[in-house]
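The lines below spell out each chain.
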Amino acid sequence: GPSGLACAQQLARAGHDVNVYEKNGKAGGLMRYGIPDFKMEKRHIDRRVAQMQAEGVTFHYGVHVGRDVAIADLEAQYDAVALAGGAEKPRDLPIPGRELDGIHFAMDFLPQQNRRVSEEPLDNVKPILAGGKHVVVIGGGDTGSDCIGTSNRQGALSVTQIEIMPMPPEHENKELTWPLWPLKLRTSSSQEEGVVRDFAVATVRFEGENGQVKRLICARADSKFQAIPGTEFELKADLVLLAMGFLGPVQEGMVKDLGVELDKRGNVFADTFKYQTSRSKVFSCGDMRRGQSLVVWAIREGRQCARAIDLSLMGRTALPR
């Protein structure tokens, strides 16, 4: 992903022999497999990867560290290891009916379409498609918007987006907000293309027929995000996409095998100066260290982590902070 690529490029420019291990068939992580092409064409990633290869970075594709190769082997083989695997553990919605077919995490849906566009194999997974279906997206962030745009392009009959937060004001109160990020209603380009949006909605249960989801039973949510009795209503749904954010890095496999210290939210613990984990040769940066965040933070942390690794190995560094 962005933090790993930024870290690798800086280390290569400092003269180190850098190897990048990527579980997917191409580099880019969330930028390539999570962000649709209508928001960012993947030629931009390809250009940067080609540049990095010319600068001496070696990419190992289709290698899932912790499954295909042991993290202990990499730790023994290299002078330093940077963990930049992102925050891939999605927030679930464990309510009645969750086991029905047609309910999927957004990051099971979006990568499939990106692989179709780039003509990459789907690895025999069951196709998740919105064509001819009534789609409900649960979650109001960027990932939810990506689900809306992708569903419309696949030919969905209808797309509805619900979120549990109340509807923000159309204009922020600048005297109360500045210098913080303003709270106001925002409409993405995907939402402008066609979606019914609803706020302060709690999903009570999923209902279906013959094992397939057919509807959501919802209710208005109070200030504590609890369903208000007597406000129930129904939404038609053939496909439900859960886009409610991410809880942190996947701990099963690599993280658990390493036994590194975690923070109270389950992220790999490291500070923002040394970027060093509780294992001296292992560093961490980006969403794996800070939790779900923005790509600009990932790039910044990747570069700072590279500087910390260079300083740790060489005793001095010319890399900028």
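Everything numeric here is computed off the predicted structure, so don't read it as measured data.

This part takes up the overall build of the protein chain. Helix and strand content of the protein chain: eleven helices and 14 strands. Taking 2.2 N^0.38 as the reference for a compact globule, 321 residues should give roughly 20 Å; the C-alpha atoms of the protein chain span a radius of gyration of 21 Å, in line with that estimate. For the C-alpha atoms alone, the extent of the protein chain along its principal axes is close to 65 × 50 × 35 Å. Taking all 321 residues of the protein chain together, the buried fraction comes to 44%. Put simply, the protein chain shows about 17,100 Å² of open surface, and 51% of that area lies on carbon and sulfur atoms. Counting 41 positive and 41 negative side-chain charges, the protein chain places the averaged centre of each group 3 Å from the other.

Let's shift gears to helix α6 (residues 142-154). With 13 residues, α6 should reach 18 Å at 1.5 Å per residue; the first-to-last C-alpha distance of 18 Å fits that figure. Buried within α6 are the following residues: Gly144, Ser145, Asp146, Cys147, Ile148, Gly149, Thr150, Ser151 and Gln154. Buried-residue contacts for α6 involve α5 (106-117), β6 (134-138), β7 (158-162), α8 (189-193) and β12 (239-242). Directly beyond the C-terminal end of α6, a positive phi value near 95° is found at Gly155.

In spatial order, the strands read β9-β10-β11; together these three strands make up an open sheet with antiparallel pairing. Unpaired on one side and paired on the other, β9 (201-209) and β11 (233-236) mark the two borders of the sheet. If you compare each strand with its neighbour and ignore which way they point, the axes differ by 30° on average. For strand β10 (residues 212-220) and β11, the ladder comprises four bridges, and the chain directions are antiparallel. Paired with Ile217 across the strands is Glu234, a residue of β11.

Once that is clear, we can look at the packing of helix α1 (residues 2-13) against helix α11 (residues 295-314). At a minimum axis separation of 7 Å, α1 and α11 run at an interaxial angle of 35°. Note on packing geometry: the crossing formed by α1 with α11 is right-handed. Residues Pro2, Ser3, Ala6, Cys7, Gln10 and Leu11 of α1 pack against Val295, Ala298, Ile299, Gly302, Arg303, Cys305, Ala306, Ile309 and Asp310 of α11. For the contact of α1 with α11, the residue count by class is ten nonpolar, three polar and two charged.

Moving on, we get to the packing of α1 against helix α3 (residues 43-54). Contact pair α1 / α3: the axes reach a minimum separation of 10 Å and the direction vectors enclose 30°. Our classification of the angle between α1 and α3 gives roughly parallel. Handedness of the α1/α3 crossing: left-handed. Note on element contacts: α3 touches α1 through Arg48, Gln51 and Met52, opposite Leu5, Ala8, Gln9 and Arg13. Classifying every residue of the contact of α1 with α3 gives three nonpolar, two polar and two charged.

Attention shifts here to the side chain of Ser145. Assignment of secondary structure puts Ser145 in helix α6. Here Ser145 falls in the buried class, since its relative accessible area comes to 6%. With residues up to four places along the chain from it excluded, the contact list for Ser145 reads Gln161, Ser188, Ser190 and Gln191.

This part takes up the nonpolar core. Counting residues in each nonpolar core, the largest one holds 24 residues, and the members touching the most others are Val18, Val57, Phe59 and Cys305. Broken down by secondary-structure element, the contributors of at least two residues to this core are α1, α3 and α11. Per-element accounting of this core gives the leading share, five residues, to α1. Every residue in contact with Val57, bar those within four places of it in the chain, is listed here: Ala8, Ala12, Val18, Val20 and Met52. In this structure, Leu100, Phe105, Ile162 and Leu235 belong to the second largest nonpolar core, which totals 17 residues.

Below, the discussion takes up the environment of Tyr275. With respect to the helices and strands, the residue Tyr275 is situated in the loop between α9 (254-258) and β14 (282-284). Through-space distance from the C-alpha of Tyr275 to that of Gly302 is 9.6 Å; in sequence the pair is 27 residues apart. Excluding anything up to four places from it in sequence, Tyr275 contacts Ala270, Val282, Phe283, Ser284, Cys285, Arg289, Glu301, Gln304, Cys305, Ala308 and Arg321.

A few words on the environment of Leu93. Summarising the element assignment, Leu93 is placed in the loop between β4 (89-90) and β5 (103-105). With a relative accessible area of 15%, Leu93 lands in the buried category. In sequence terms Leu93 and Thr203 are 110 residues apart; their C-alpha atoms lie 8.7 Å from each other. For Leu93, the contacting residues outside a window of four places in its chain are Arg98, Ile138, Thr203, Phe206, Leu242 and Met244.

What counts, and where the lines are drawn
- Residues numbered from 1 in each chain as written.
- Predicted model: local features only at pLDDT ≥ 70, side-chain atom pairs only at ≥ 80, totals over all residues.
- Heavy atoms only, no water.
- Helix = DSSP H or I, 4+ residues; strand = E, 2+ residues; numbered from the N terminus.
- Rg over C-alpha atoms; globule rule 2.2 N^0.38 Å.
- Buried < 20%, exposed > 50% of the residue type's maximum accessible area, 1.4 Å probe, protein only.
- Areas by Shrake-Rupley, 256 points an atom, 1.4 Å probe, with all protein chains shown as cover.
- Lys, Arg positive; Asp, Glu negative; His and termini not counted.
- Charge placed at Lys NZ, Arg CZ, Asp CG, Glu CD.
- Expected span 1.5 Å × (residues − 1).
- Contact = heavy atoms within 4.5 Å.
- Pairing = 2+ DSSP bridges.
- Axes fitted to C-alpha atoms, helices over the stretch in contact; angles between N-to-C directions.
- Left-handed = near helix turned anticlockwise from the far one by under 90°.
- Nonpolar A, V, L, I, M, F, W, Y, C, P; charged D, E, K, R; others polar.
- Parallel < 35°, antiparallel > 145°, perpendicular 65-115°, else oblique.
- Core = buried A, V, L, I, M, F, W, Y, C linked by side-chain atoms within 4.5 Å.

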